[in-house]
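# Remarks on the overall topology
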Amino acid sequence: MTEIEKFGYFPFIKHSGISNYVTYLEQGKIMATKCEKCGTVYFPPRKFCPTCLTSDMKWIEYDQADKGELTSFSTLYLVPAGFDEKEIPVTVGVAQFPDGNRVYARVEGVDPQSVKVGMRVKLVPKKLAEDRVTHVLQPI
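Residues numbered from 1 in each chain as written. Predicted model: local features only at pLDDT ≥ 70, side-chain atom pairs only at ≥ 80, totals over all residues. Heavy atoms only, no water.

Backbone hydrogen bonds hold the strands of a sheet together, and the pairing may be parallel or antiparallel. Reading across the sheet, the five strands line up as β6-β5-β4-β7-β8 and stay open at both edges, with antiparallel pairing between neighbours. Pairing within the sheet leaves two strands with one partner each, and these edge strands are β6 (102-106) and β8 (133-139). When the angles between neighbouring strand axes are averaged without regard to direction, this sheet yields 35 degrees. Sheet analysis places strand β5 (residues 90-96) next to β6, joined by five bridges and oriented antiparallel. (Pairing = 2+ DSSP bridges. Helix = DSSP H or I, 4+ residues; strand = E, 2+ residues; numbered from the N terminus. Axes fitted to C-alpha atoms, helices over the stretch in contact; angles between N-to-C directions.)

Quick look at the structure:
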């Protein structure tokens, strides 16, 4: 299994140059990339800056990871094959961070009935079965 396959199946990511993100997740770190030319921070990380069109990117610890706000969510009671019955319902959401970055992830650590738009959330690494890793949103 390649590093990026540990995070999930994304055919476009294999060649994106950001597979180090998986290694950082395994170390318990939420990392972003920062353009060395214009200073823009990207999360999820990117290999190229779309503003400067440069590949001069640096890995940095994402200091906004504990400052998210949930902007939308959905709680799923009918899920695709592959989910463990114990995982249902599954809540997924989009969080916005003060620097303008947005991320889509599972929302965990809170009863689905208590999830609300506007709640403060943080991004945390999570180890999964079969040597896989991901990031999830948890309430603050």
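On we go from here.
Turning our attention to the environment of Ser-74. In this fold, Ser-74 is placed in strand β4 (residues 68-76). Relative accessible area serves as the criterion here: at 35%, Ser-74 is assigned to the partly exposed category. Put simply, Ser-74 and Pro-89 are 15 residues apart on the chain and 10.0 Å apart in space, counted from C-alpha to C-alpha. Here Ser-74 is in contact with Val-90, Thr-91 and Val-92, once residues within four sequence places are set aside. (Buried < 20%, exposed > 50% of the residue type's maximum accessible area, 1.4 Å probe, protein only. Contact = heavy atoms within 4.5 Å.)

As a further point, take the pattern of salt bridges. Under the defined criterion, the tally for this structure stands at three salt bridges. A salt bridge links Arg-106 to Glu-108; its shortest N-O distance comes to 3.5 Å. With relative accessibility at 16%, the residue Glu-108 sits in the buried group. Ionic pairing is found between Glu-108 and Lys-126, a salt bridge with its closest N-O pair at 2.8 Å. In this pair, Glu-108 sits in the loop between β6 and β7 (120-127) while Lys-126 sits in strand β7, placing the two residues 18 residues apart along the sequence. Among the charged side chains, a salt-bridge network with shared partners connects Glu-87, Arg-106, Glu-108 and Lys-126. (Salt bridge = Lys/Arg side-chain N within 4 Å of Asp/Glu carboxyl O.)

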